[in-house]
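# Analysis of the macromolecular model
One-letter residues, chain by chain:
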Amino acid sequence: MRILIVEDDKDLNRQLVEAFTNAGYAVDTAEDGDEGHFLGDTEPYDAVVLDIGLPGMDGITVLENWRREGRAMPVLILTARDRWNDKVSGIDAGADDYVTKPFHIEEVLARVRALIRRAAGHAASQITCGDLMVDTRTSRVTLRGNPVKLTSHEFRLLSYLMHHQEKVISRTELTEHLYDQDFDRDSNTIEVFIGRLRKKLKGDYIETVRGLGYRLAVPAAENAGTGG
Ligand code: CA
C-alpha cells in the first residue's frame, strides 16, 4: 500500500511519515498544497492524509480539484480544533473521513487502514483468502493459523494482493502501489518478491496470468478440500 501525506507542519509531517513507514506503507510526502495536489493527481495512492491549512493551494481546494479531475482515492483530512466548519467543507469537497488536531497517530493509522479496506470492499480488519489471513491492524500474516514471517516489502505486496484478491493485478500496478517516489525500483523487481512470497506461502495462492500479471486466490486444491 502506498500513501501520500500532505502536511506543512514539519514535525507532524515527520511523525506521520515515520508511523506509516513503520506500519509497512510506502509513503510520499508534500509540505504545500500545490505539490500535494500535483502528486495526488499524477501518482496512484491507496489513501491520502491531507491537512486543510496549507501554504499555496489550501487543502479544501486541493481536494475539490482532485475530485473534479476524477481522482477517487480515499482521503482523510486533518482539521484544526477551532475550525469546525473545515470538517463540513472538507466532507462536502469529497473527504472520506477526518481527524481533528491534536490527535494520536494511532487514530490516523486506524482510520486510514479502514478507508483502504473499505475502498477494496473489506469491512473487517482481518482479510482472509482460504487458509491465509492478513491482520491489517497488526500487520501479521498467518497460514493455517501459523505465523508467516515476511519482510516489509513482502508484506506490502501480499497485503495489496489480499485487498484486491480474485483480480488480476499487473506488474505496473504493483510497482506503483508498493514503492514510494524515491525508491530504486529497478533493483527490487516484483518477480523476485513474488517468488519469495510463494515460497513462504507454501501453496499456489499467487497465480501468474501470462501477459497480464498476478492473481491471488484460494488454491484449487484447498477449494476442493473444503467440499465447496
Ligand atoms: Ca497546516
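Residues numbered from 1 in each chain as written. Predicted model: local features only at pLDDT ≥ 70, side-chain atom pairs only at ≥ 80, totals over all residues. Heavy atoms only, no water.

## Describing the packing of aromatic side chains
Quick reminder of the rule: Centre distance within 6.5 Å is the pairing criterion for rings of Phe, Tyr and Trp, where only the six-membered ring of Trp is used; planes under 30 degrees apart are then read as stacked, over 60 as edge-to-face, and the remainder as tilted. Categorising residues by exposure relies on relative accessible area from a 1.4 Å probe, with only protein chains included: less than 20% of the type maximum marks a residue as buried, more than 50% marks it as exposed, and the intermediate range marks it as partly exposed.
Scanning the model with the defined rule gives 1 aromatic pair in all. Judged by centre distance (5.3 Å) and plane angle (75°), the rings of Phe 20 and Tyr 25 are edge-to-face. The same class applies to Phe 20 as to Tyr 25, namely buried.

## What about the domain arrangement of the chain?
Heads up, the condition is: Domain ranges listed in this record stem from an automatic or a database domain assignment. Residues count as neighbours in contact if any of their non-hydrogen atoms are within 4.5 Å of one another. Simply put, the buried area is the total loss of 1.4 Å probe accessible area from both parts when two parts are fitted together. We define a salt bridge as a contact between a side-chain nitrogen of Lys or Arg and a carboxyl oxygen of Asp or Glu at a distance within 4 Å. Between N or O atoms, a polar contact is any pair within 3.5 Å; within protein, one atom must be a potential hydrogen donor and the other a potential acceptor, and residues adjacent in sequence are included only when both atoms are from side chains. Every helix listed is a DSSP run of H or I at least four residues long, and every strand listed is a run of E at least two residues long, numbered separately from the N terminus. Classes in brief: Ala, Val, Leu, Ile, Met, Phe, Trp, Tyr, Cys and Pro nonpolar; Asp, Glu, Lys and Arg charged; the others, Gly included, polar.
When cut into domains, the chain gives domain 1 (2-119) and domain 2 (126-225). Just the C-alpha atoms count here: the centres of domain 1 and domain 2 sit 26 Å apart. With 14 residues of domain 1 at the contact, the number on the domain 2 side is 14 residues. Here domain 1 packs against domain 2, burying approximately 1,200 Å² in sum over the two surfaces, 48% of which is carbon and sulfur. It is Arg 2, Arg 113 and Arg 117 that lose the most area in domain 1 upon contact with domain 2, and together they represent 35% of the buried surface on that side. Between the two partners, domain 1 and domain 2, sit 0 salt bridges. Linking domain 1 with domain 2 are 8 residue pairs in polar contact (both at pLDDT 80 or more), by the criterion used here. Only β2 (26-30) and α5 (105-119) provide two or more residues apiece to the side of domain 1 that touches domain 2. Residues of the side of domain 1 that touches domain 2, tallied by class, amount to 8 nonpolar, 1 polar and 5 charged.

## What to know about the pairing of strand β5 (residues 97-101)
The side chains of a regular strand alternate between both faces of the sheet. Here is the rule we go by: Here the rule is simple: two strands pair whenever DSSP picks up at least two bridges between them.
Relative to β5, strand β4 (residues 75-80) is paired through 5 bridges, and the arrangement is parallel. The residue of β5 that forms the bridge with Leu 76 is Asp 97.

## Things to note about the pattern of salt bridges
All told, the structure shown has 16 salt bridges when counted by the stated rule. Of the charged contacts in the structure, one is a salt bridge between Arg 2 and Asp 28, with a shortest N-O distance of 2.6 Å. Highlighted residues: Arg 2 in strand β1 (residues 2-6) and Asp 28 in strand β2, separated in sequence by 26 residues. Under the relative-accessibility criterion, Arg 2 is labelled buried at 0%. Several salt bridges converge on common partners, so that one network encompasses Arg 2, Asp 28 and Glu 43.

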